[in-house]
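# A closer look at the structure
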Amino acid sequence: MGADGVFSPNMIKRVPSTKPPFTLGQVKKAIPPHCFERSLLRSFSYVVYDLLITSLLGYIATTSFHLLPSHFAYVAWPIYWILQGCVLTGLWVIAHECGHHAFSDHQWIDDTVGLLLHSALFVPYFSWKYSHRRHHSNIGCLDLDEVFVPKLKSQIPWHYMYLNNPPGRALGLAVKLLLGWPLYLSFNASGRPYDRFACHYDPYSPIYSDRERLHIYISDLGIFATTFVLYRVAITQGLAFVISIYGVPLLFVNGFLVLITYLQHTHPSLPHYDSAEWDWLRGALVTVDRDYGILNKVFHNITDTHVAHHLVATIPHYHAMEATEAIKPVLGEFYQFDSTPFYKSLWREARECLYVEPDEKGVFWFMNKF
């Protein structure tokens with residue numbers, strides 16, 4: 001990385017793509033035993049804390065902003081949207097943790113909390129839980145991974161080369177951050193290809209097995225319930241109230257989610273494998289930890305402990321930092337951390353990681369030349 005933060009291919013050290021000299025068992029053995037323990041009380045404390053902050057922000061906005069002079073209100077509302085979006089993203093992360101059974105020792109509690117939180121954020125809990133589980137099972141595999149699967153150069157649409165410039169990249173990133181999440185849930189955009197239409201809201205989507213279909217219906221009911229509540233609020237308070245208090249912060253949540261997951265799995269140093277070359281442990285290491293500053297804590301460290309998360313997904317977030325430090329000596333050069341500010345990383349990866357091509361060993365690496 002140059003002094004100006006600009007990526008140079010000659011300065012990036014690629015993660016080894018050879019078979020790791022350690023096993024998953026050795027990685028787990030290096031983690032202190034208490035890191036695997038899930039405390040229901042402690043987990044709920046984070047839910048309560050985030051909900052209190054969310055409620056406080058909403059209370060301030062609804063009771064105070066209309067009293068401000070208009071020029072101050074124009075500043076106050078964007079601040080509210082950003083802060084509320086950050087805190088709600090933290091709640092989103094806790095629901096994600098429920099999906100990994102990392103919230104408590106009781107699966108039914110995890111699923112109940114996850115369903116309530118994700119439904120409130122317009123996420124079909126079980127639907128995404130199941131597809132996300134397959135992402136964890138197949139990460140780094142070009143043929144089977146579920147999301148942010150890089151394309152081969154031969155698969156890139158012809159018009160992409162005309163967007164490979166600053167205005168084109170800015171437009172692409174804006175669409176990705178604003179619409180990427182709902183497009184993925186609704187149309188499997190950026191997901192792995194299926195033999196027919198795939199949608200997270202469809203119980204008979206090829207994403208799901210027969211035994212999972214009932215849970216997809218339950219997820220859809222959660223979305224319908226949230227929609228009904230918002231409809232009732234809009235009837236009494238007005239549509240503008242719902243959009244300003246809930247809708248715009250939700251856009252920030254969706255944007256943060258895409259930003260975080262994109263940067264976790266997109267980096268010039270990361271390899272990818274086809275199904276003939278892939279194995280789970282090498283695939284699990286195809287991710288990078290990032291530094292989001294104070295947002296690391298707001299997002300419950302999903303940003304800077306993602307390597308450990310892909311190796312042992314049931315570790316609660318409040319033990320993830322300790323677990324990460326414990327596994328670094330075992331992983332050695334297989335551990336990847338990038339301290340580049342996330343906004344610089346986002347632009348760099350959008351410029352440099354356009355497609356993947358295999359090297360002489362059959363391992364795929366990101367490229368950017370058309």
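Here the structure is a predicted model, which is why all the values come from computation and not from measurement. Counting restarts for each chain: residues are numbered from 1 in the order of the written sequence. For a predicted model such as this one, the threshold for reporting local features is a pLDDT of at least 70, and the threshold for listing and counting side-chain atom pairs is 80 or more; totals across whole chains, interfaces and linings nevertheless cover every residue. To obtain the side-chain values, all non-hydrogen atoms of the structure were used and water was disregarded.

### A short note on the confidence of the model for the protein
For residues with low pLDDT, the predicted coordinates do not support detailed interpretation. Every residue carries a pLDDT, the predictor's confidence in it, which falls somewhere between 0 and 100. Within the protein, residue pLDDT values average 94, and 97% of them lie at 70 or more. Two residues qualify as a contact provided that any one of their heavy atoms is within 4.5 Å of a heavy atom in the partner residue. Counting contacts from residues 1-10, a segment whose pLDDT is below 50, to residues more than four positions away or on other chains yields 14 contacts.

### Describing the UniProt feature "transmembrane region" (unreviewed entry) in the protein
UniProt positions are given in the numbering used here, feature names are shortened, and annotations may be inferred rather than shown by experiment. Within this numbering scheme, the UniProt entry marks residues 46-68, 74-96, 170-187, 214-233 and 239-263 as carrying the feature "transmembrane region" (unreviewed entry). Across residues 214-233, helical content stands at 100% and strand content at 0%; the span's end C-alpha atoms are separated by 29 Å. Segments assigned H or I by DSSP are reported as helices when at least four residues long, segments assigned E as strands when at least two residues long, and all are numbered from the N terminus.

### Considerations on unusual backbone geometry
Positioned with a positive phi, Phe 122 is a non-glycine residue whose angle comes to about 65 degrees. Tracing the backbone through its elements, the reader meets Phe 122 in the loop between α4 (107-120) and α5 (125-138). Since its relative accessible area comes to 26%, Phe 122 is described here as partly exposed. Positive phi values are uncommon outside glycine, yet Asn 188 reaches one of about 60 degrees. On the secondary structure map, Asn 188 appears in the loop between α6 (166-187) and α7 (213-237). Relative accessible area decides the class of each residue, using a 1.4 Å probe on protein chains only: under 20% of the type maximum gives buried, over 50% gives exposed, and in between gives partly exposed.

### Some points on the nonpolar core
Among buried residues, those of type Ala, Val, Leu, Ile, Met, Phe, Trp, Tyr and Cys that are joined through side-chain atoms within 4.5 Å constitute a nonpolar core. Within the largest apolar cluster, 49 residues are counted, with the highest numbers of intra-cluster contacts made by Trp 92, Phe 103, Leu 117, Trp 128, Trp 181, Tyr 292 and Phe 299. With 11 residues, the single largest contributor to this core is helix α8 (residues 239-265). Excluding residues within four positions of it along the chain, Trp 128 makes contact with Trp 92, His 96, His 118, Val 123, Trp 181, Tyr 184, Leu 185, His 200 and Tyr 208. In terms of nonpolar packing, the next biggest core, distinct from the first, is built from 17 residues, Leu 281, Val 312, Leu 331 and Tyr 335 among them.

### Comments concerning the layout of surface pockets
Here a cavity means grid points, on a 1 Å grid over the protein atoms only, where a 1.4 Å probe fits yet cannot get out; a pocket means an open set of points with protein on both sides within 12 Å along at least five of seven lines; lining residues are those with an atom within 4 Å of a point. Grid points are joined across faces, edges and corners, and a volume is the space filled by probe spheres set on the points. Reported here for the second largest pocket is a volume of approximately 410 Å³. Taken together, 20 residues make up the lining of the second largest pocket; nearest its centre are Thr 54, Leu 88, Ala 120, Leu 230 and Tyr 246. Among the secondary structure elements, those contributing two or more residues to the lining of the second largest pocket are α2 (40-64), α3 (70-99), α4, α7 and α8.

### Some remarks on α6
An expected span of 1.5 Å times one less than the residue number is assigned to each helix. The end-to-end C-alpha distance of α6, which contains 22 residues, comes to just 27 Å, noticeably less than the 32 Å that a straight helix rising 1.5 Å per residue would cover. Note that the bend at a residue is defined as the angle between axes fitted to the seven residues ending at it and the seven residues starting at it. Most pronounced at Leu 179, the bend in α6 amounts to some 60 degrees, and the proline Pro 182 follows within four residues. Among the residues making up α6, those that are buried are Gly 168, Arg 169, Leu 173, Gly 180, Trp 181, Tyr 184, Leu 185 and Ser 186. Of the surrounding secondary structure, the elements contacted by the buried residues of α6 are α3, α5, α8 and α13 (342-352).

### Thoughts on the side chain of Asn 296
In this fold, Asn 296 is placed in helix α10 (residues 295-298). Looking at Asn 296, the relative accessible area reads 7%, which means it is buried. Setting aside residues up to four positions removed in sequence, Asn 296 forms contacts with Arg 290, Asp 291, Asn 301, Thr 303 and Asp 304.

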